[in-house]
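Secondary and tertiary structure notes
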Amino acid sequence: MIYLVNGADAGQYRQWMDEMHVIRAKVFRDRLGWDVEVEDDRERDRFDAANPLYLLSVDGRGRVQGSLRLLPTTGPNMLRDVFPSLLEPGDMVESATIWESSRFSLDPDRAAEVTSRKLNRVTTELLCGIVEVGLMVGLSFVVSVFDARMVRIFRAAQCPADMIGTPRKIGKAMTYAGLFDISEAAWNAIAAAGGIGDRVISRDSDAPAQAA
Amino acid sequence: MFFSDRPMDALFLETIEQAAQVGTKEEVYTLLQGMVAAYGLKNAAYMVVNLPHRNHLDPQIYVTYSMEWVDHYKKRNFVRCDPVLLQGFGSILPVDWGDFDLSKRPVRSLFGESREFGVGRQGITLPVRGRFGEQALLTITSDDADPEWNRKKILYMRDFQVIAYHIHRMVLRVENISEQQIHLAPREIDCLKWTAMGKTVQEVAQILGVGHRTARFYLELARHKLDAVNITHAVAKAVSLNIISGGM
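Conventions we followed
Residues numbered from 1 in each chain as written. Chains lettered and ligands numbered in written order. Predicted model: local features only at pLDDT ≥ 70, side-chain atom pairs only at ≥ 80, totals over all residues. Heavy atoms only, no water. UniProt positions renumbered as here; feature names shortened; annotations may be inferred. Helix = DSSP H or I, 4+ residues; strand = E, 2+ residues; numbered from the N terminus. Rg over C-alpha atoms; globule rule 2.2 N^0.38 Å. Buried < 20%, exposed > 50% of the residue type's maximum accessible area, 1.4 Å probe, protein only. Contact = heavy atoms within 4.5 Å. Areas by Shrake-Rupley, 256 points an atom, 1.4 Å probe, with all protein chains shown as cover. 1 Å grid on protein atoms, 1.4 Å probe; cavity = no way out; pocket = protein on both sides within 12 Å on 5 of 7 lines; lining within 4 Å. Points joined across faces, edges and corners; volume = space filled by probe spheres on them. Nonpolar A, V, L, I, M, F, W, Y, C, P; charged D, E, K, R; others polar. Phe/Tyr/Trp six-rings, centres within 6.5 Å; stacked < 30°, edge-to-face > 60°. Lys NZ or Arg CZ within 6 Å of the ring centre and 35° of its normal. Pairing = 2+ DSSP bridges. Axes fitted to C-alpha atoms, helices over the stretch in contact; angles between N-to-C directions.

Per an unreviewed UniProt entry, the recorded name for chain B is LuxR family transcriptional regulator, and the organism is Lichenibacterium ramalinae.

Chain A is annotated in an unreviewed UniProt entry as Acyl-homoserine-lactone synthase from Lichenibacterium ramalinae. Quoted verbatim from the Catalytic activity (unreviewed entry) heading of the UniProt record, the comment on chain A is "a fatty acyl-[ACP] + S-adenosyl-L-methionine = an N-acyl-L-homoserine lactone + S-methyl-5'-thioadenosine + holo-[ACP] + H(+)".

This is the structure we're talking about:
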């Protein structure tokens, strides 16, 4: 199940947010070798302070297994403020109907091996979650910066990204800027590939108890 | 049913087109009042904080509420407990007034008294994040009964997501916060050019050797930069601004 957490409400979801920051440190510092700020084994950046919307994939026992965050491209966002070099000179992504997804991460210690043939459930949930949020608020696209490994995952998830701009090597990984379609058709394709039958975002305001 | 293929109703187009023409503070109020009347709403309220070169404790506010309500709100110091502000500024999702927790007394008083002042029984608030780090909220309210409102709300959340941003840009203009000159990237100009020549998105994509999704994406970026309501409007504006030539 996907839970939506506003950055401003992080205090009410302290355990989940903490688990998310730990997973992000494992993924972005340890595995991708990005130059991210990690304190006490938890990765945080200034966009976490910009009140993003987090999508948390939480398992049945109340543990976070993956996450991402969304920011409008009309305000502070990573593509504009951190990775403009991935775009063609003069390109700028800014629209009320385009949001940015960043820090897409799955717990590497727990996620089943993701291959192009076997799709991780958490990946599917998160991607369906993006599309569901997008449909709810009337987005046309979601843009994102991601590494080569994710390109394969997106393709396997039937959620192909169109690349925009020029890929560059950042840290250990080739890094791309890409865009995703927000449409019912996009949701159906991802859901079918991942064997999901119903909406993934929890409508239940009573979230399961956070694991102690 | 996604944005660019959605048949957009005339109201939506008119509202955005009118917002692009507004030049004075008085006209901002006129626009909000016109929008409220046209959509059959009760009220509309726009508020922005953190504008560059402004004291952020001094928000700019444009509302169609009665002066009596604005005075009463200030006198009762509702700003301290108003969930519209607390949740709106902490969220990027639309805030539905129906979701507020009314168990706390000050919040219950706020909404009880707001009804007496004709603020509206229902409301949604659309957060806007701006380029300079400013944050704005556009609220629309209604006196519709629940079933009717719940039906409209779904559509309003999507349409007003876009309208809110156009209203925000309108206010920035009126408040003399410099908007950058329109500068289209080469790819955006290419897409507009071929569209102006009657090519479909698929054809434009083929000509430029990009995916149709990418072509739509660049057209959407151009639309946004030109403050246009749709691609046709964007082409017309690009021609009138001499960004692309009309006859080729």
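Now that the structure has been shown, we can carry on.
1. Regarding the overall build of chain A
Scanning chain A from N- to C-terminus turns up five helices and nine strands. Counting helices and strands in the order they occur from the N terminus, chain A gives β-α-β-β-β-β-α-β-α-β-α-β-β-α. The C-alpha atoms of chain A give 16 Å as radius of gyration, which agrees with the globular expectation for 212 residues (17 Å, within 12%). Seen through its C-alpha atoms, chain A measures out along the principal axes to roughly 45 × 40 × 35 Å. When the 212 residues of chain A are sorted by exposure, 58% land in the buried category. Considering only contacts in chain A between residues 6 or more positions apart, those separated by 24 or more positions represent 73%. Accessible surface, chain A as shown: approximately 8,600 Å² in total, 47% of it carbon and sulfur.

2. Focus: the layout of surface pockets
For the largest pocket, the calculated volume is near 1,700 Å³. Taken together, 39 residues form the lining of the largest pocket, with Leu-4 and Asn-6 of chain A together with Leu-93, Pro-94 and Asp-99 of chain B sitting closest to its centre. Listed by contribution, the elements that provide at least two residues to the lining of the largest pocket are strand 1 (2-6) and helix 3 (121-137) of chain A together with helix 4 (83-88), strand 3 (95-96) and helix 6 (146-174) of chain B. By volume, the second largest pocket amounts to about 710 Å³. Listing elements by their share of the lining of the second largest pocket, those giving two or more residues are strand 1 (43-49), strand 2 (60-63), helix 3 (67-75), helix 4, helix 5 (105-116) and strand 5 (135-142) of chain B. Ranked by residue count, the leading element in the lining of the second largest pocket is helix 3 of chain B, at five residues.

3. Things to note about empty space enclosed by the protein
According to the stated counting rule, one finds four cavities of 30 Å³ or more in the structure shown. The space that makes up the largest cavity amounts to roughly 110 Å³. Along the wall of the largest cavity there are 14 residues; nearest its centre are Phe-28, Trp-34, Arg-103, Phe-104 and Val-145 of chain A. For the lining of the largest cavity, the secondary-structure elements that each account for two or more residues are helix 1 (14-31), strand 6 (98-106), strand 7 (141-147) and helix 4 (148-156) of chain A. Broken down by class, the residue content of the lining of the largest cavity amounts to 10 nonpolar, one polar and three charged. Considered as a void within the structure, the second largest cavity measures approximately 90 Å³ in volume. Looking at the lining of the second largest cavity, the elements with two or more residues in it are strand 4 (122-129) and helix 6 of chain B.

4. Comments concerning the packing of aromatic side chains
For the coordinates displayed, the defined rule picks out 23 aromatic pairs over all chains. For the ring pair Trp-149 of chain B and Tyr-156 of chain B, a centre distance of 5.8 Å and an interplane angle of 65° mean the geometry is edge-to-face. You'll find Trp-149 of chain B and Tyr-156 of chain B in the same group, each marked buried. In textbook terms, an aromatic cluster arises when at least three aromatic residues are bridged by ring pairs, as seen for Phe-104, Phe-146, Phe-154, Tyr-176 and Phe-180 of chain A. Here the basic side chain of Arg-103 of chain A rests over the ring of Phe-28 of chain A, its NZ or CZ set 5.0 Å away from the ring centre. Against the face of Trp-187 of chain A rests Arg-199 of chain A, its NZ or CZ located 4.7 Å from the ring centre.

5. Things to note about unusual backbone geometry
One non-glycine residue with positive phi stands out, namely Asp-40 of chain A, at about 55°. Among the structural elements, Asp-40 of chain A can be located in the loop between strand 2 (38-39) and strand 3 (42-43). Judged by its relative accessible area of 63%, Asp-40 of chain A is exposed. We note that Asp-227 of chain B has phi near 55°; this positive angle belongs to a residue other than glycine. Within the secondary structure, Asp-227 of chain B is located in the loop between helix 9 (212-225) and helix 10 (231-240).

6. A few points about the sheet that holds strand 4 of chain B
All names here are of chain B. As summarised here, the arrangement of the five strands in space is 2-1-5-4-3, forming an open sheet in which the pairing is antiparallel. Of all the strands in the sheet, just strand 2 and strand 3 have a single pairing partner and so form its edges. Bridge count between strand 1 and strand 5: seven bridges; the pairing is antiparallel. Within strand 5, the residue paired with Ala-44 across the bridge is Ile-140. Strands in contact with helix 2 (residues 25-39) are strand 1, strand 2 and strand 5; relative to strand 2, the strand with the most contacts, it is inclined by about 40°.

7. Thoughts on the sheet that holds strand 5 (residues 64-72) of chain A
Note on sheets: strands pair through backbone hydrogen bonds, and any given pair is parallel or antiparallel. With mixed pairing, seven strands are arranged side by side in an open sheet as 1-4-5-6-7-9-8 (chain A). Edge strands, defined here as strands with exactly one partner in the open sheet, are strand 1 and strand 8 (162-170) of chain A. Here the strands of the sheet are splayed against their neighbours by 25° on average, with no regard to which way each runs. Both strand 1 of chain A and strand 4 (residues 53-58) of chain A contribute to a ladder of five bridges, which runs antiparallel. Directly across from Asn-6 of chain A, in strand 4 of chain A, lies its bridge partner Leu-53 of chain A. Sheet strands in contact with helix 9 of chain B are strand 6, strand 7, strand 8 and strand 9 (173-181) of chain A, and its direction is about 90° off that of strand 8 of chain A.

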